Structures are given as C-alpha cells and as structure tokens.
Amino acid sequence: MSRTLLVKNARVLVTMDDRRREIKDGGLFAEGGRLVAVGPSNELPATADEVLDLTGHVVIPGLVNTHHHMFQSLTRAVPAAQDVELFGWLERLYPIWARLTPEMIRVSALVAMAELMLSGCTTSSDHLYLFPNGCRLDDTLEAAERIGLRFHATRGSMSVGHSAGGLPPDSLVEREADILKDTQRVIEAYHDASRFAMRRIAVAPCSPFSVSRDLMRESAALARAFEVSMHTHLAENTNDVDYSREKFGMTPAEYAEDAGWLGRDVWHAHCVQLDDAGINRFAVTGTGVAHCPCSNMRLASGIAPICRMHAKGVPVGLGVDGSASNDSGHLLAEVRQTMLLQRVSQGPAAMSARTALELATLGGAQVLNRDDIGALAPGMAADFAAFDVREIGFGGAGHDPVAALVFCAPATAACSAINGRIVVRDGRIATVDLPVVLEEHNRLARVLVTGG
C-alpha cells in the first residue's frame, strides 16, 4: 500500500492552481507522493499514515530553484573576490576552484541543498561546469539522492582557456570530445524523463566566453537527440555583451539563436543585459530565463528587465546562483529581492508579492519544463513548504499572511515535503545529520581556500 500524508488546519494554503486559490483552514491529502485532494480541512479524509497539523502556518507549493553552482558554497565571502565585477570575480576564484576534489563537490552539494530546503525549496537545478581532480557530475547526484531533493543536474563544461582567448585558465578546460562523451554518459546513466522524476539531466556549456561556437552547436544537437533540456549563462553584464559583439559580431541573443540555443527546451541564466529584440525572440520561441537578483546586485551586473520579459510572455523562474556570488542560498530571500528590485527600477506597483511568489513556483516549473510541480492540486507532486507565521518576523502581518512571506524578513521553513516525504521537520533537515555535514564542509572550505 502507498503511504498517505494528511496536512490540515493551515492558516492559508496557497495552491497556485488555475484559479490561484488561497484556502483558509486548508489542507491536502497525498498518496504515494502524489496529491489526491486539496481543499478546506473539513473536506479532506480524517486520517492518514502521517498527519501534520499546520495550525498557524502558510503552506505554499515547494519553491523551484532554476540556477545554482553548489560547489561555490565552499568559497563564500573570499576576501579577494568581494569587491569586483563578474570577470574579475571569476579570475580570482578560478585558481581556488582548480583544487576541488570529489569529496568537496559532494559535501558542498549537501550543504547547498540543505540550505535551499530550509528556505522552502523542493526542486533545484545545479550548473557544475568544472571537473578538476577526478570530480564528476555523479558526485552531486549522489548528494541529491541522499538528502531527498528533486534535482536537475546540468553537465556544464568549459573548453576555451585563456591561451585561446577565453576567460578560464587552461588547467580548468576540457577537450570538447571528452565533454560530449561524458555528457552522453550521464544522460544515459541518470536522466529520468518520466512525470514526477526525482532526477533529470541537462546539457550546459558554461558561457559564450568559456566554450567554442562548435561546442555550443554540438551540445544543442546532443541535447535534442536525447530530448533533454539545455542551460547556459547569457548577457550577464556589459562585459559579457561586449565580448559577444567583439568575438562573434552579434548580441548575446543573436549568438544564442545562431548556435541553436533558443526554444522551449532552453533556459539561460541572468539575461541582465538582454535587449528588447532579444526579449522578443525569447518570447516567440518560449526560451526561459533564470533570474538571480542577489547575485546580479552583488556583482553590480545590473537590474534584469524581468517585468518586461514577464509581460511579453518569456518564461521566468528564480535562482539563487552560486554561493560565492550571492553568499546565500535562501530562495525565499530571492523571491523578496525580485519584488523589491523591480520596484527600484520601475516603481512600487511594478511587481506584487504574489507575482514574485508565482515566479518561484509555477515560473520555475515552466522554465524546467515540468508540469508536475509548482502548484498544489490533485495530480501534482506532493511538494510543499510550510512557514509558521506566528513567529516574531511576522508580528503584525496577519492582515495578509501570504504577502507577508515575501514582504517580511525571509523565514526558515517549519516543515516541507518532497514527493510526499517529510524532509524538513520543526525547522530542521530530517534526512541528514546537518551539523556533522556542516562541520566537514567548513573543514574542506579551509583546506580549499587556505590549504589548511
């Protein structure tokens, strides 16, 4: 018999369903990791194998993180990289990342995943694009299985080193034939195309300034041959745009189209400097964007035109980006920053709290090409997060507890479930011994950055 789960008595349950219902005294009933019923608590079954009384909580669909570099949790706040823009930041960190080991990749992924889950995230992508010292994408996949996160692992790559006009050092790039061979290996070994899949693979050359045009095109052909998604960085800052114009004679969006990197199976990170013509092409082709406001602010990359993209119909999701350019992996904080940053550039009515929350749920699901997450409705995955709005950070915000999740200080999830399995309970990760993992993570961070 499939295990059942009953959630009842939530102060408000935010469905993000077709009617965008917000159900007072709401709840849900799940069986075998799937939602069977969502509605007022008094209309749900009376019992289940596990019952959660979420009185005083707001329950939302699990948040979806569309862009991350989990290994970077080992290099937060490195002094030499604190006050520089993107290219300078990379040049300071590349030599440190060249010392990464498989153990560092696994442990940093566990910490990054735990941090996301504590912020209400239930599905995340990760862009791992460097593989020194025997590191493999498999290392992050093992971490996701252990902690219980729904995971989209992207096999990144860099092939154009400094001597060939690229930004990364030659020691961190791979041969293009090796990249394509290993990318095919991980797709064949791990990709699950089925509905409710816990693990998917995407193809992800790092950026126009670190891979060749040939690799971009061949990666697109490989991805489409295996019917998997494609991901890269694009138009992150003005230097990125200048590089594209000088190297290719095109804007970033024109280059992406020329290389075969537009379509519903593609999502690009950042797009801070995407021009109006690029926005229009993204909208027409259904190409997605992972918006990472905290990272864009930290590196002074600019304010992405998210409201214009959204109005045109570009699929937009949110991402925390790497923890060395954000220094946080709190996805609910990213929701808040998305709303506030659009208001800075376009006025106080530019984006509502509910629109920002929708980008982090339904928007993220659309960007990742999923129709089984992002909303709480019968037939969807039993992925949700609950926040206790009786805590001090919500004091006085009872007028609109849903908006309070975004307007008030970003909170820690009191409880969350992925595929019907409780992964956060009483504000703590339930699937790994996090203090032990964190102690090892801090030791490895010291070894990586300082050598001791």
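For the structure, check the block above.
About the cut-offs
Within each chain, residues carry numbers counting from 1 in the order of the written sequence. Local features in this predicted model are restricted to residues of pLDDT 70 or higher, and side-chain atom pairs are both shown and tallied only at a pLDDT of 80 or more, whereas totals for entire chains, interfaces and linings draw on every residue. Hydrogens are left out, water is left out, and the side-chain values use all remaining heavy atoms of the structure. For each structure, a 1 Å grid was placed over the protein atoms alone; sets of points admitting a 1.4 Å probe that cannot get out are labelled cavities, open sets with protein on both sides within 12 Å along at least five of seven lines are labelled pockets, and lining residues have an atom within 4 Å of a point. Grid points are joined across faces, edges and corners, and a volume is the space filled by probe spheres set on the points. A run of H or I in DSSP becomes a helix once it reaches four residues, and a run of E becomes a strand once it reaches two; helices and strands are each numbered from the N terminus. Under the grouping applied here, Gly and all other residues not named as nonpolar or charged are polar, the nonpolar ones being Ala, Val, Leu, Ile, Met, Phe, Trp, Tyr, Cys and Pro and the charged ones Asp, Glu, Lys and Arg. Throughout this description, buried means an accessible area under 20% of the type-specific maximum (1.4 Å probe, protein chains only), exposed means over 50%, and partly exposed covers the range between. Here, two residues are considered to be in contact whenever any of their heavy atoms come within 4.5 Å of each other. Axis lines are fitted through C-alpha atoms, for helices just across the contact stretch, and the angle between N-to-C directions can take any value from 0 to 180 degrees. Each angle gets one of four labels, with under 35 degrees taken as roughly parallel, over 145 as roughly antiparallel, 65 to 115 as roughly perpendicular, and the rest as oblique. Put simply, a crossing is left-handed when the front helix is turned counterclockwise from the back one by less than a right angle, and right-handed when it is turned clockwise.

### Some remarks on empty space enclosed by the protein
Within the structure shown, the criterion is met by 2 cavities of 30 Å³ or more. Taken as a whole, the largest cavity encloses approximately 120 Å³ of empty space. Lining the largest cavity we find 17 residues, and of these L86, W89, L90, H233 and E236 sit closest to its centre. Considering every element that reaches the lining of the largest cavity, the biggest residue donor is helix α1 (residues 86-97), with 4 residues. Across the lining of the largest cavity, the residue classes tally to 8 nonpolar, 7 polar and 2 charged. For the second largest cavity, the full set of lining residues is P61, G62, T122, I373, G374, A375, L376, A381 and D383. Class assignment of the residues belonging to the lining of the second largest cavity gives a composition of 5 nonpolar, 3 polar and 1 charged.

### Here we look at the environment of T75
One can find T75 in the loop between β6 (63-65) and α1. By relative accessible area, which is 2% here, T75 ends up buried. Residues T75 and L448, spaced 373 residues apart in sequence, show a C-alpha to C-alpha distance of 8.2 Å. Those residues in contact with T75 that sit more than four places away from it in its chain are L93, I96, W97, A324, L448 and V449.

### Concerning the packing of helix α11 (residues 331-346) against helix α12 (residues 353-367)
In the contact formed by α11 and α12, the axes pass within 9 Å of each other and the chain directions differ by 130°. As far as their axial angle goes, α12 and α11 are oblique. For α11 against α12, the interelement crossing comes out right-handed. Contacts between α11 and α12 involve V335, T338 and M339 on the former and, on the latter, A353, A356, L357, L359 and A360. A per-class count over the contact of α11 with α12 returns 7 nonpolar, 1 polar and no charged.

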